[in-house]
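Read off the chains here:
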Amino acid sequence: MSRRGLAAVASVLDQAASSATNILVLVLAARLSSASGFADFSMVYVTFSVLLGLNMAYVGQSLVLVKGERLGGECRSALGFTAAASAVVGALLLVVGLALAGATGTAFLALGLVLPLVLLQDGLRYCFSALRAPQRALAADALRLVCVVAALALQPEGASAGRLVLAWGLSALPALGAGLWLLRPYVRGVRGDLRPYLRRGHLGQRFVVEFAVGNGSSQLAVLGLGVFATPLAVGALRGATTLFGPLNVLFNSANAFGPPVLGRLGGKRATVRATAALGLVLAAVGAGWATALYLLPDRLGRQLLGDTWAGASALLPATGAQYAVMGLGTCALLTLRVLAPKATLSLQVVFSLLSVGLLLGGYAVWGVAGAAWGLAAGSALKALAAWSRVTRLPAAAGSRDTEPVPAPAA
């Protein structure tokens, strides 16, 4: 297999390890907790997911579009900004945890303590992606997977949400240390600069707005259901989404590692051909996975999600439809990200807010199932609009030269 082929395999396997970590965290938490305990854990984990996505958008997505010989310094800068920003947000979460009562407040306190560790560890993946060294990201994320499973497996049944969050976060330490050691050859002797992340016009500012009105808005809408409806609704929606975790492996792999690969294809026609084929494959995989889950016996479902299975299984048709069209939408937005990075903001703003409206409207009319179908309808409309925008790009879009990535120092 060629070097490029090995890198592609390592990229997919790395994202598989990272996504498997998130899946197993939720599965193990659901098995260790009661339905109400998992609802508390879900509220905190959704908050973490929003913060993770914001960091990915502001730092990670702009980093993987960087070319040239400054990548070592860019990676050091990205990690420095992530460390500083996550420490500030972690302190705010500590205040939130102190203000809230009961198990939920304790869980937010735990998240505030471990947030810098988990965000830094995840940020290393984007450094290795930009450096085209996904095998190093794979090594660190595989260690992370082993450590988090071991840490949660040692927790007693009925463990509180705060204890589970603390065990999950602290288990990132070995992988963080390994990742920093693997990154060292690329950043040795270079200096970081946090000022570009604070300047107006930084590309990550556009991406973070896209996330905030896209993935972030839907996550916050799910959190909102726990405010004016019931936390069990959050647990059911989160549980159904967890079952589609293997598809997130593919979606996240495309977003994290796709731009450097697609940027070398040379123009609109080749890029669209590759992303359209990938989108059709992801849609077919999504439909097949949804069918397999729908046919899963209740006995096996309860082994996966415990008491949360009853609520989550009722949402499988809607969530399956959502993930099928998300495959098409993800590839359309990836195409625009590579060929015309500034073209995605308006799409994300309009159709993500529409998705939130459909989610909340669906809940008001048909309950939790209506909310899930609202998300599916919003994802379908976003995918349709994104591909329509791709077809209107000029033929010369994306045709640019790429620069080599320097090898690490010995």
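Residues numbered from 1 in each chain as written. Predicted model: local features only at pLDDT ≥ 70, side-chain atom pairs only at ≥ 80, totals over all residues. Heavy atoms only, no water.

Taking an unreviewed UniProt entry as the reference, the protein chain is identified by name as O-antigen/teichoic acid export membrane protein belonging to Streptomyces nojiriensis. Annotation of the protein chain in UniProt includes, under Subcellular location (unreviewed entry), the sentence "Cell membrane". (UniProt positions renumbered as here; feature names shortened; annotations may be inferred.)

## Overview of helix 17 (residues 344-391)
The first and last C-alpha atoms of helix 17 sit only 14 Å apart over 48 residues, clearly below the 70 Å expected at 1.5 Å per residue. At W366, helix 17 shows its largest kink, close to 150°. (Helix = DSSP H or I, 4+ residues; strand = E, 2+ residues; numbered from the N terminus. Expected span 1.5 Å × (residues − 1). Bend = angle between axes of the 7 residues up to and from the residue.)

## Points about the packing of helix 13 (residues 268-294) against helix 17
Across the interface, helix 13 lies against helix 17 with an axial gap of 11 Å and an inter-helix angle of 160°. Classed by the angle they form, the pair helix 13 and helix 17 counts as roughly antiparallel. Helix-helix and strand crossings are classified by hand; for helix 13 and helix 17 the assignment is left-handed. Residues K268, V272, T275 and A276 of helix 13 form the contact with helix 17, whose own contacting residues are W387, V390 and T391. Class assignment of the residues belonging to the contact of helix 13 with helix 17 gives a composition of four nonpolar, two polar and one charged. (Axes fitted to C-alpha atoms, helices over the stretch in contact; angles between N-to-C directions. Parallel < 35°, antiparallel > 145°, perpendicular 65-115°, else oblique. Left-handed = near helix turned anticlockwise from the far one by under 90°. Contact = heavy atoms within 4.5 Å. Nonpolar A, V, L, I, M, F, W, Y, C, P; charged D, E, K, R; others polar.)

## Description of the nonpolar core
Ranked by internal contacts, the top residues of the largest apolar core, which has 67 residues, are F41, F48, L111, L115, W168 and F244. Element by element, the count of residues in this core is highest for helix 16 (residues 316-339), at 10 residues. Those residues in contact with W168, other than ones at most four positions away along the chain, are V25, Y45, F48, L111, V114, V118, R144, V148 and L152. V64, A78, L117 and A133 belong to the second largest nonpolar core, which has 30 residues in total. (Core = buried A, V, L, I, M, F, W, Y, C linked by side-chain atoms within 4.5 Å. Buried < 20%, exposed > 50% of the residue type's maximum accessible area, 1.4 Å probe, protein only.)

## Describing the packing of helix 2 (residues 35-63) against helix 6 (residues 161-170)
A pair of packed helices is captured by two measures, namely the crossing angle of their axes and the spacing between those axes. Running from amino to carboxyl end, helix 2 crosses helix 6 at an angle of 40°, the nearest separation of the two axes being 9 Å. Considering the angle they form, helix 2 stands oblique to helix 6. Seen along the crossing, helix 2 lies across helix 6 with a hand that is right-handed. Of the residues in helix 6, those in contact with G37, D40, F41, V44, Y45 and F48 of helix 2 are A161, L164, V165 and W168.

## Digging into helix 5 (residues 134-153)
Taking 1.5 Å of rise per residue, 20 residues should cover 28 Å, and helix 5 covers 28 Å from first to last C-alpha, within 8% of that figure. P134, A137, A140, D141, R144, C147, V148, A151 and L152 are the residues of helix 5 that are buried. For helix 5, the arc enclosing every buried residue in end-on projection is 150°, short of the 170-degree limit, so these residues lie on one face. Turned more than 90 degrees away from the buried face of helix 5, the exposed residues are V146 and A153. (Arc of directions from axis to C-beta.)

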